[in-house]
Protein chains: 2
Amino acid sequence: MSSRDQHPQHQHGEPQETDSRLVRLGLVQMRCTSDPDQNLEKGVAQIRQAASQGAQIICLQELFRSHYFCQKEDVAFFDLAEPVPGATTQVLSQLAAELQVVIVASLFEKRTAGIYHNTAVVIDHEGKLLGKYRKMHIPDDPLYYEKFYFTPGDLGFRCYPTAHGQVGVLVCWDQWFPEAARLTALEGAQFLFYPTAIAWQQGESEENNQAQLAAWETVQRGHAIANGVFLAAVNRVGQEGELTFWGHSFVCDPLGRILGRASTDGEEILIVDCDLEAIEATRRSWPFLRDRRIESYQGLLLRFGPSDVKDE
Amino acid sequence: MSSRDQHPQHQHGEPQETDSRLVRLGLVQMRCTSDPDQNLEKGVAQIRQAASQGAQIICLQELFRSHYFCQKEDVAFFDLAEPVPGATTQVLSQLAAELQVVIVASLFEKRTAGIYHNTAVVIDHEGKLLGKYRKMHIPDDPLYYEKFYFTPGDLGFRCYPTAHGQVGVLVCWDQWFPEAARLTALEGAQFLFYPTAIAWQQGESEENNQAQLAAWETVQRGHAIANGVFLAAVNRVGQEGELTFWGHSFVCDPLGRILGRASTDGEEILIVDCDLEAIEATRRSWPFLRDRRIESYQGLLLRFGPSDVKDE
C-alpha cells in the first residue's frame, strides 16, 4: 500500500533508510480531439480517476491539449500556444491541490511573439508550479516538423523536488539522447518522465513498426539502467492524419524491468507502484555514477570528429 | 555472401553508396584454464575456425589469456601482465596477416612496474597493430576487484579504420556508460566491440540473475540505438571460483535488434553478418546526431549536482 504522507528527502551522504518507500504513479494515455477544451476536460477527468486509484504523481502525454499538429507546417497552429504559467497551469494547479497529487503536464508554450516552446511543467501536491522544462532536443522529420514550431529549450535539464520524490521531466525526442537522461539524473532525479507523441506512419511494414517500438522502449530502459532511476514514458493513442500513435506507455525500474505497460491502441490509466529504495539498492550493486570518467568526456561537447588524444 | 574485398571508407558528406556492404563478424566465446599458453592456443584455434567460416572481424573475450583473476587481490597475478605490443600481439598479428582478418583482443598490459592496464588491441588484416584502447571505466565490486589491478585508461576513446569498417573497442564495465559508447561513435565507429567478463555470483536468485543479464543486454542495445551503430559483446563462459560467466555474447544492429546470440554456458563461435548500409539508413530516419544539444552538455563533465541554470 502506498502512503500519501510526505517523507523528507534524504540528504546526500545520510545513512540509508531501510524500509521501502512506495510511490504510486499514474500515466494518462489518451486519445485527443481537435478541441483543446475537450482535451483539457478529459485530461482533468483522467487525473481525477488516477488520483482515485491512489496515484501520487500523474503524468499526461505530450501536448495533451491538442492533436499532434506538427504533421504539417501551418502558422495557424501557433494559435494553440499559451503562456506558461497560464490558463492550463491554473486549472491543473487547482486540481493538484484539491487531489493532493503531483502533476506533470506538457504544453505548447507561447513565450512571446515568434518564440514558442514545447514545455513541460511540474506542479506539486499543493498546487504550486515548481518550474518548467523546455524540450531541448527538437526533431524534424516528415510528419514531425517540430523545428518549425518549437524554439529549442534554453533552461537546461531540470529536476524538481516533490512530496513524492525528485521528478525529472524530458519530452519525447529527448528520449533518444542518453545525455538528457544522464544530465537529469545528475540533477538528482529519481524519476524520469517522458510525455511523448510517437506514432507509426502509414504504409510501413509491421516488422519495421515493431522494430521502432522495440527500439523506443529499449533505449529508454537503457537510460533507467545506466542512471539507476525509474522511468515513465507516456504516449498518446489514436489515429491523427497519417499517424497512428502507438500508446504503449510504460514504467520501468532502475534495472530496466518493465513494471507496467499500457496497450498500443486503447485509452488507459496505467497505475504503477515504485519502491524508491530500489534506487539506492541498484546503485550500490552497480555504482556507475562512482566510476564516470568525467575528466575524459570533453568530446561529448563536440558534434563529431576524432579527438586529439593520441597513442603514446 | 560477404566480401573479402577491401572497400574504401566513405568520406563524410560523400553521396551514399546504394548497395549493401556486408561485414561478417566472428565472436569467440570460450572457457579459460589457468594456463595462459593453453588459452592462447585455444584462442588462436578459434580464430582460425571463425576465419574458416568467413569472419572478417574476430573478437575475443576480455582477458582471454587467463582466468578472470580479479576475484581476489593478489600481487602475484601481476605476473600475468605483458607488454603491449608484446608476445601475444606478435602471435595475433601473424595470425591476422595469415588469415587476412581483423582481430580484436583484450590483454593484461604491463606498462611499467606499478602501472598495469586492461587493454584491448585492434590488429588489421595485414597484421598491423592499429592501436590500443585502455579500459577507461574500472569496476570495483566484490569479486571484481579491478581497481587493484588496472590503472584507469589514459588514451581516451578510440576508433580504428580497418579494411572491414571503423572499429571501436570498449571493455566490459564500459558497457554501462552511455558516454563511452557515444564518444567512440563520435570518433567514427561503425562497430562497438565489448570484450567482457561478466558473471553470475553464487547464491543469487534466478530472478535476480535473469534481471542482471537482461539489463546488461538492454543497456548495450540502447547504445547501438542511440548511436546508430552495430554492437558486439563477447563474454566468456564457465565456472571460475565463485563466478559463473554467463556467455550470451551477441551482436545487434543500429535499431538494437539482436542479429545473433550465443548460449549462456557453451563455448561457441558466433558468426553474424552486418550490413553497413543500415547505419546510414538508420541515421537518416532517426538523425539523433544532428540534434544533440552540445552547448548544453557541460554538466556531463561534473560528478553530480544541480546545475546553475535557473528559471527566468
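Parameters at a glance
Residues numbered from 1 in each chain as written. Chains lettered and ligands numbered in written order. Predicted model: local features only at pLDDT ≥ 70, side-chain atom pairs only at ≥ 80, totals over all residues. Heavy atoms only, no water. Pairing = 2+ DSSP bridges. Helix = DSSP H or I, 4+ residues; strand = E, 2+ residues; numbered from the N terminus. Axes fitted to C-alpha atoms, helices over the stretch in contact; angles between N-to-C directions. Contact = heavy atoms within 4.5 Å. Buried area = accessible area lost by both parts, 1.4 Å probe. Salt bridge = Lys/Arg side-chain N within 4 Å of Asp/Glu carboxyl O. Polar contact = N/O pair within 3.5 Å; in protein donor to acceptor, adjacent residues only side chain to side chain. Buried < 20%, exposed > 50% of the residue type's maximum accessible area, 1.4 Å probe, protein only. Right-handed = clockwise from strand over helix to strand, strands pointing away. Phe/Tyr/Trp six-rings, centres within 6.5 Å; stacked < 30°, edge-to-face > 60°. Lys NZ or Arg CZ within 6 Å of the ring centre and 35° of its normal. Least-squares fit on C-alpha atoms with pLDDT ≥ 70 in both. Disulfide = S-S within 2.5 Å. Parallel < 35°, antiparallel > 145°, perpendicular 65-115°, else oblique. Left-handed = near helix turned anticlockwise from the far one by under 90°.

A. Up close: the sheet that holds strand β3 (residues 102-112) of chain A. Residue and element names in this part refer to chain A. Strand order in the open sheet formed by 6 strands is β5-β4-β3-β2-β1-β15, with mixed pairing between adjacent strands. Edge strands, defined here as strands with exactly one partner in the open sheet, are β5 (129-134) and β15 (268-275). For this sheet, the mean angle separating the axes of adjacent strands, direction not counted, is 30°. With 9 bridges joining them, β3 and strand β4 (residues 115-123) adopt antiparallel strand pairing. Its bridge partner lying in β4, Val104 is registered against Val122. Contacts from helix α2 (residues 87-99) reach β3 and β4, with the element oriented near 165° to β3.

B. Region of interest: the interface of chain A and chain B. Every contact between the two is made by 69 residues of chain A and, on the other side, 68 residues of chain B. Buried surface at the junction of chain A and chain B, summed over both partners, amounts to about 6,400 Å²; 58% is from carbon and sulfur atoms. The tally of links between chain A and chain B comes to 6 salt bridges. When the shortest N-O distance is used, the salt bridge between Arg292 of chain A and Glu179 of chain B registers 2.9 Å. Counting the contacts that link chain A with chain B gives 27 residue pairs in polar contact (both at pLDDT 80 or more). When residues of the side of chain A that touches chain B are traced back to their parent elements, those giving at least two are β5, α4 (178-186), α5 (206-227) and α7 (288-291) of chain A. The greatest single-element share of the side of chain A that touches chain B, amounting to 10 residues, is contributed by α5 of chain A.

C. Looking closely at the pairing of strand β7 (residues 165-169) of chain A. All names here are of chain A. Along β7, 5 of the 5 residues are buried, which leaves the element largely enclosed by surrounding structure. Bridge count for strand β6 (residues 159-162) against β7 is 4 bridges, and the pairing is antiparallel. Pairing of Cys159 across the sheet is with Gly168, part of β7. What sits between β6 and β7 in their antiparallel hairpin is a turn of 2 residues. Summarising the sheet, β7 and strand β8 (residues 191-196) pair through 3 bridges and their orientation is parallel. Residue pairing across strands places Val169 opposite Phe193, the latter belonging to β8. Handedness of the crossover joining β7 and β8 through α4 is recorded here as right-handed.

D. Geometry of the packing of aromatic side chains. All names here are of chain A. Scanning the model with the defined rule gives 54 aromatic pairs over all chains in all. Taken together, the ring pairs in this structure connect Phe69, Phe77, Phe78, Phe108, Tyr116, Phe148, Tyr149 and Phe150 into an aromatic cluster. The aromatic ring of Phe245 is capped on one face by Arg236, whose charged end is 5.5 Å from the ring centroid.

E. Examining the pattern of salt bridges more closely. All names here are of chain A. With the rule as written, the count across this model stands at 38 salt bridges over all chains. One salt bridge in this structure joins Glu109 and Arg134, with 2.9 Å as the shortest N-O distance. With Glu109 in strand β3 and Arg134 in strand β5, this pair connects stretches of sequence that are 25 residues apart. Here Arg290 ties to Asp291 by a salt bridge, and the two come within 2.9 Å at their closest N and O atoms. Owing to a relative accessible area of 37%, Arg290 belongs among the partly exposed residues under this scheme. Each of the salt bridges in this network shares a partner with another, and the network as a whole consists of Glu109, Arg111, Lys132, Arg134 and Asp154.

F. Just the pairing of strand β1 (residues 22-29) of chain A, in detail. All names here are of chain A. Counting buried positions along β1 yields 7 of 8 residues, so the element is predominantly enclosed. Taken together, the 8 bridges between β1 and β15 define a ladder with antiparallel strand orientation. The partner of Leu27 across the bridge, within β15, is Leu270. Pairing of β1 with strand β2 (residues 57-60) involves 4 bridges; the strand directions are parallel. The partner of Val28 across the bridge, within β2, is Leu60. Handedness of the β-α-β unit built from β1, helix α1 (residues 36-52) and β2 comes out right-handed.

G. The relation of the copies chain A and chain B, seen in detail. Mapping chain A onto chain B leaves a residual RMSD of 0.0 Å; the transformation is a rotation of 180° accompanied by 0.0 Å of translation along its axis. Classification of the inter-copy transformation places it as that of a two-fold axis. It is Gly222 of chain A whose C-alpha, among those of chain A, lies nearest the rotation axis, at 2.7 Å. An overlap of 99% is found between the interface residues of chain A and their copies at the interface of chain B, pointing to a shared contact surface.

H. Summary view of the state of the cysteines. All names here are of chain B. Scanning the model with the defined rule gives 0 disulfides over all chains in all. Here Cys70 stays free of any disulfide, with the sulfur of Cys172 as its closest cysteine sulfur at 9.6 Å. Classification of Cys70 as buried rests on a relative accessible area of 0%. Distance from the sulfur of Cys252, which forms no disulfide, to the nearest cysteine sulfur (Cys274) is 9.1 Å.

I. Focus on the packing of α1 of chain A against α2 of chain A. Residue and element names in this part refer to chain A. Between α1 and α2, the least distance of the axes is 11 Å, while the angle of their chain directions is 15°. With respect to α2, the axis of α1 lies roughly parallel. Considering how the two elements wind past one another, α1 and α2 form a crossing that is right-handed. Only Thr88, Val91, Leu92, Leu95, Glu98 and Leu99 of α2 make contact with α1, whose side of the interface consists of Leu40, Val44, Ile47, Arg48 and Ala51.

J. Representation of unusual backbone geometry within the structure. Along the chain, Val84 of chain A connects to Pro85 of chain A via a cis peptide bond; the corresponding omega equals 0°. Checked against the element boundaries, Pro85 of chain A lands in the loop between β2 and α2. The phi dihedral of Gln100 of chain A falls on the positive side, at around 55°, and the residue is not glycine. Judged by relative accessible area, which is 44%, Gln100 of chain A ranks as partly exposed. In this structure, Leu143 of chain B is a non-glycine residue whose phi angle is positive, near 80°. Along the polypeptide, Leu143 of chain B turns up in the loop between β5 (129-134) and α3 (146-149). Given the relative accessible area of 11%, Leu143 of chain B is considered buried.

Everything listed here is a matter of coordinates, which is why it stays silent on function.
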